[in-house]
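Residue strings, one per chain:
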Protein chains: 2
Amino acid sequence: MTDPIAGPVQPTSFATAALRPLSLNDAVFAPESFLGVWQRRNATRSLPYCISQLDASGALDNLRRVIGEADGDYQNMWFADSDVYKTLEAAAWQLGRTPDDAQLLAFVDSTGALLAKAQGEDGYLNSYLTVVAPEKRWQKLHWSHELYCAGHLIQAAVAAARAGVGAELVTVARRFADLIVERFSTVDDIDGHPQIETALVELYRVTGHEPYLDMAKRFIDLRGHGLLDGGRFGSAYLQDHVPVRQAETVAGHVVRQLYLLAGMVDVAVESHDSDLLEAAKRLWDDAFGAKTYITGAQGSRHRDEAFGDTYELPSDRAYGETCAAIASFQWNWRMLLAMGDSKYADEMECALYNVIAGSTALDGTHFFYSNTLHLRTGHDGSHEDAPSQRLPWYSCACCPPNLARLLASLSGHTATTDHSGLQIHLYTAGELNTTVDGSPVHVAIRTDYPWDGRVELTVTTQAPLTLALRIPGWAADAQLDGEPVDTNDGYVRLQRDWSAGVTVTLDLPMPARIVRPHPRIDAVRGCVAVTRGPLVYAVEQSDLPEDVVLEDVRIGPAAPITAGNLPDIPVSLIVGGSIEQSTSDALYSGHAESHGEPSELVAIPYFLWGNRKPGPMRVWIPVRTAGV
Amino acid sequence: MTDPIAGPVQPTSFATAALRPLSLNDAVFAPESFLGVWQRRNATRSLPYCISQLDASGALDNLRRVIGEADGDYQNMWFADSDVYKTLEAAAWQLGRTPDDAQLLAFVDSTGALLAKAQGEDGYLNSYLTVVAPEKRWQKLHWSHELYCAGHLIQAAVAAARAGVGAELVTVARRFADLIVERFSTVDDIDGHPQIETALVELYRVTGHEPYLDMAKRFIDLRGHGLLDGGRFGSAYLQDHVPVRQAETVAGHVVRQLYLLAGMVDVAVESHDSDLLEAAKRLWDDAFGAKTYITGAQGSRHRDEAFGDTYELPSDRAYGETCAAIASFQWNWRMLLAMGDSKYADEMECALYNVIAGSTALDGTHFFYSNTLHLRTGHDGSHEDAPSQRLPWYSCACCPPNLARLLASLSGHTATTDHSGLQIHLYTAGELNTTVDGSPVHVAIRTDYPWDGRVELTVTTQAPLTLALRIPGWAADAQLDGEPVDTNDGYVRLQRDWSAGVTVTLDLPMPARIVRPHPRIDAVRGCVAVTRGPLVYAVEQSDLPEDVVLEDVRIGPAAPITAGNLPDIPVSLIVGGSIEQSTSDALYSGHAESHGEPSELVAIPYFLWGNRKPGPMRVWIPVRTAGV
């Protein structure tokens, strides 16, 4: 068994760079850093809240019903087992950092014991199928989520193995994985919801047992041959519309597509399958070239929770599921490991600080499932999928425990190593304590990122080492120790024979910027967005006079942007603009004109919207037309 | 029993004007007129095709299963009976005009006999509930469509009564209606899909039996009190979210909302309920002030087939269900009868010539269910709800037979009478032959509408008569016999003592026009549309060089628009514009710029798109920005 967070990713012949993840506790966030505060809030608020919801929602009782320890009917979604597994995974990662947390330990141990009892003699484990429809085991895979749930069980076990907790969980997961390999090595069938693929590769990484990797590869290559009946949803919804190696575009249900892509990269890396990696790169170009919101969100359609057509990116009906952003983060992480290109880290950073950060309220116990970029004036927020503010829970509660497991494992995603160096991808105050080529490396980082772009790194390593620092795509005029940096591939590389205590200072200037959309994005034509560093900004009704309709706000993109001073918002911005009103109420007319009054607009980081009071919000602001 | 198409609408104290519909054969389209050709295509192509689909889809077999005359399982949607009823209604209206059509007569008689046999002793009739779940009769009204189907049965019977055919059908419908009145007069329950309301008022109109009217009113007032469980769809989907008299906005499933509104107006008019009519007027202002596409389509969301928020009108994801446009036409017709305001006729005309006309292919046997305003380059048309071209049938086949019944009854919607005059609302070549205050009135109309705005009307009535001619909202500089017309309310009124054979000529100039959207419609900011008369135009890929991407097309709104000469397109237009391409492939950047080449664009009437070959299309064209 090996121990790093994502296991030993082998350098491969096709990768221009192949990076290796850190071990679990190699990266530590400073307690008061942005990520440190967030990770602690996850540990003290969100994760305990998710655990309490497993009881409240009946998800744990479903498993107890399997062994006769709970009465009544099965409750909740038919894939509610996965809520249990994702919460377990989060608890395991968290225990890896805080092993003395007795409550978490008790949760992992008691749930592991419950799972061991609920597991069938042959290894099968699924409360819905066992309680409600035992005769349909493996018979309705297009919709049953049996392998999806199994995947999350396996990922929880992998986390437990790496954190050194929950030994029973690992046994349960392996027994189920062995049953899956036994059955599906000869039967042509796949799950309508990908997830098992990446889980099996991860299990291979911690066990070295090759049949898991082979099984993952087989599941991936069985897709796109019409095994599943999508009914009115269509085969793209189930990711069965095209063999993955031939796919040219991302399509269908976003989370399914992205989980599948993560699994593809895992299999490609572990089995040196350059064809599969090329397919993933092609789909990455499509996804991030034409189907991603400025916040990093993906999913343009509420209907079928799906990707849209090329350049179909409506702000007000952005679906942008929280789980999709998490999946995008995970997929980009795997692409980064395989390829070493900073563009993947750029997308991780964008999703993390915007859509993912925005999906949870500052109290840690309210969540968005869907992450809009424009909440309209008069919005009907009665629909759970498009609420006016973050809700305490969802009938389909996939997102909150998914957030919990991401945050609990986040520190491992900030840096990587290779045979000669350390690469820092995401900046945060804290410490890195790892080994490169067998030698210990320690770096202390001081920064107020993402509010300030100055990053001071003190290396206490007495050895030759290439320290690679990511220059984000948004950063112009970056400097290292006062000198302009030179980078071809998004990293500045300091190949030095370090002496202990040397400090280097990276400056990533963070002026507020005006960003324009590609002209083929019809939905935000004539609009600009305001960004600063990795953060996208938004205008909220809260900061407008009550009688001003948000949709009448205009921006003067050439006006200077200055710092605001809102309480509780670390960096707010003031932007020149106007309030424009139509001279006609007609919906369509030959002579629509507007008249406007100059006005100063306040913009706040998108991820903070809806935390003061509910109300309209928009990211893309129409450019002023009247009186200019 | 009375005989006019919508029965005797009583003048009411609250209506500023109350109009009376014509009798069934009072209006006749000239065979070669636009509407005449369309109506004949409906009679000879679409209606027989719908009849054949009743067999192919199993809808008739479902009814045969009730009486043991067909084997096998129930087929198709659980509300497939309504397909049979809508087709019957279409056949009845058509037989009213062509009573010698032996095939249609045989269909009406044989289906009426089948229904009579399938009807229960107590009058109940629903093949799904009877065959599949008899124990659930009336128990699942939020989803069962039992009263919805009953409503369509009743409407078919009303059409048959007015056309003087299918006597058995009328008996069946009345027996079922009597059962419904018996049960639901004391039980508080409603159907999740409105439709029964307007049907019961119509049945009251042809029978004079007041319990039908009372029942309709009761069904309307029971809404909005939480009787139905909408589950994840929510109560607005089922039109149970607010008491209808308190509603401020249209919301939820569009067809359900509009059918309910039609029923509200019917009840309001027949029971002199000004409060109910005020509610309908308020919702009309909301629907047509902020939630209607330029084509007359309604429904901004595929998810839940729903209205969007205020000003949420995306072109590429317009749902614009065909049935919704038909429902809008029917609701506006009732508003017109109640209020006499030309704005309702304007909306009827807009929907008719654009979204409704566009929903059927020129072959009469291919249909759109959803009517987009922008089919993107690279569109994934594999989803039935957003196909790339009109399809021969749908798994939910509500639209084609709905079109058939509208077209078969269309002539009755072109004009009305009141105590002293005749009002002409929709212009077409043809004849009007009716009575006003007991005296015969005959008007012959010659026009090439909608291609040309000259309308010549020859009155052969020797009597005092006020002839009111609608001046469409789009028409500027209208003239009557060469003189500018003077109108306050959208009608020019000729109060004359006519002598036989007098001709008046109305000129409605039809220059091509550039139309701008209200600035709060984000989805088409920076775009304009081209219209001519009542027709909205579109740009199709078919008319562009193959290497030009439709989304790169720009329009110069100040450029002159000239007539084109495409074959098979009566009036195409040529508009000055350009092809603009971004200088950057980045989805978001600080410096997006475009460069453009001037180009002439060809625009065709929207309703004709997709009839030459499939491909991208858009109604709203971005305004040229580069090089101006």
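Because the structure is a prediction, the values reported are computed rather than measured.

A. Quick look at the relation of the copies chain A and chain B. Taken as rigid bodies, chain A and chain B are interconverted by a rotation of 180° and an axial shift of 0.0 Å, the fit giving an RMSD of 0.0 Å. Here the two chains are linked by the operation of a two-fold rotation axis. By residue overlap, the copies meet face to face through one surface: 100% of the interface positions of chain A are interface positions in chain B.

B. Spotlight on the UniProt feature "domain: Non-reducing end beta-L-arabinofuranosidase-like GH127 middle" (unreviewed entry) in chain A. UniProt records the feature "domain: Non-reducing end beta-L-arabinofuranosidase-like GH127 middle" (unreviewed entry) at residues 422–510 of chain A, using the numbering of this structure. Here residues 422–510 of chain A is 0% helix and 55% strand, with 25 Å between the C-alpha atoms at its ends.

C. Structural view of helix H12 (residues 274–290) of chain B. All names here are of chain B. The end-to-end C-alpha distance of H12 is 24 Å, a good match for the 24 Å that 17 residues give at a rise of 1.5 Å each. Restricting attention to buried positions, one finds in H12 the residues Leu276, Leu277, Ala279, Ala280, Leu283, Trp284, Asp286, Ala287, Phe288 and Ala290. The inward-facing, buried residues of H12 abut helix H10 (210–221), helix H11 (254–270), helix H13 (322–339) and helix H14 (342–358).

D. Geometry of the packing of aromatic side chains. Under the criterion given, the structure shown has 58 aromatic pairs over all chains. Pairing Phe34(B) with Tyr353(B) gives two aromatic rings, centres 5.3 Å apart and planes at 55°, and the pair type is tilted. On the criterion of sequence distance, the pair formed by Phe34(B) in helix H1 (residues 34–56) and Tyr353(B) in helix H14 is long-range, its members being 319 residues apart. One aromatic cluster is present, formed by Phe34(A), Trp38(A), Tyr353(A), Tyr427(A), Tyr449(A), Trp451(A) and Phe607(A) through successive ring pairs.

E. Structural detail: the nonpolar core. Formed by 220 residues in total, the largest nonpolar core has its most connected members in Trp331(B), Ile356(B), Leu469(B) and Val619(B). For Trp331(B), the contacting residues outside a window of four places in its chain are Leu258(B), Leu261(B), Ala262(B), Val265(B), Ala280(B), Leu283(B), Trp284(B), Ala287(B) and Phe288(B). Leu114(A), Ala287(A), Tyr344(A) and Val492(A) belong to the second largest nonpolar core, which has 219 residues in total.

F. Inspection of the pattern of salt bridges at higher detail. All names here are of chain A. For the structure on display, the rule yields 80 salt bridges over all chains. Between Arg334 and Asp266 there is a salt bridge, with its nearest N and O atoms 2.8 Å apart. With Arg334 in helix H13 (residues 322–339) and Asp266 in helix H11 (residues 254–270), this residue pair connects regions lying 68 residues apart in the sequence. For Asp266, a relative accessible area of 2% gives the class buried. The residue Lys281 makes a salt bridge to Glu278 at a minimum N-O spacing of 3.1 Å. Separated by three residues within a single helix, Lys281 and Glu278 lie in helix H12 (residues 274–290), roughly one turn from each other. Assessed through its relative accessible area of 25%, Lys281 is described here as partly exposed.

G. The interface of chain A and chain B, seen in detail. On the chain B side, the residues contacting the 61 residues of chain A number 61 residues. Summing both partners gives a buried area of about 4,900 Å² for chain A against chain B, and 46% of it is carried by carbon and sulfur. Summed over the three residues of chain A that lose the most area to chain B, namely Arg303(A), Leu587(A) and Tyr588(A), the buried surface amounts to 16% of that side. Run the count over chain A and chain B and you get 14 salt bridges. Across the salt bridge formed by Glu312(B) and Arg317(A), the nearest N and O atoms sit 3.9 Å from each other. Looking at the side of chain A that touches chain B, the elements that each hand over two or more residues are H12, strand E14 (512–517), strand E19 (573–582) and strand E20 (588–589) of chain A. Grouping the amino acids of the side of chain A that touches chain B by side-chain chemistry returns 22 nonpolar, 17 polar and 22 charged. Pairing of E20(A) with strand E14 (residues 512–517) of chain B involves two bridges; the strand directions are antiparallel. If you follow Ser589(A) over to E14(B), its bridge partner there is Arg516(B).

H. Highlighting the packing of helix H8 (residues 167–184) of chain B against H10(B). Residue and element names in this part refer to chain B. Relative orientation of the contacting elements H8 and H10 amounts to 55°, with a least axis distance of 10 Å. The pairing of H8 with H10 is recorded here as oblique in orientation. Handedness of the H8/H10 crossing: left-handed. The residues of H10 that touch H8, namely those facing Arg174, Ala177, Asp178, Ile180, Val181 and Phe184, are Pro211, Tyr212, Met215, Arg218 and Phe219.

The rules behind the values
Residues numbered from 1 in each chain as written. Chains lettered and ligands numbered in written order. Predicted model: local features only at pLDDT ≥ 70, side-chain atom pairs only at ≥ 80, totals over all residues. Heavy atoms only, no water. Least-squares fit on C-alpha atoms with pLDDT ≥ 70 in both. Contact = heavy atoms within 4.5 Å. UniProt positions renumbered as here; feature names shortened; annotations may be inferred. Helix = DSSP H or I, 4+ residues; strand = E, 2+ residues; numbered from the N terminus. Expected span 1.5 Å × (residues − 1). Buried < 20%, exposed > 50% of the residue type's maximum accessible area, 1.4 Å probe, protein only. Phe/Tyr/Trp six-rings, centres within 6.5 Å; stacked < 30°, edge-to-face > 60°. Core = buried A, V, L, I, M, F, W, Y, C linked by side-chain atoms within 4.5 Å. Salt bridge = Lys/Arg side-chain N within 4 Å of Asp/Glu carboxyl O. Buried area = accessible area lost by both parts, 1.4 Å probe. Nonpolar A, V, L, I, M, F, W, Y, C, P; charged D, E, K, R; others polar. Pairing = 2+ DSSP bridges. Axes fitted to C-alpha atoms, helices over the stretch in contact; angles between N-to-C directions. Parallel < 35°, antiparallel > 145°, perpendicular 65-115°, else oblique. Left-handed = near helix turned anticlockwise from the far one by under 90°.

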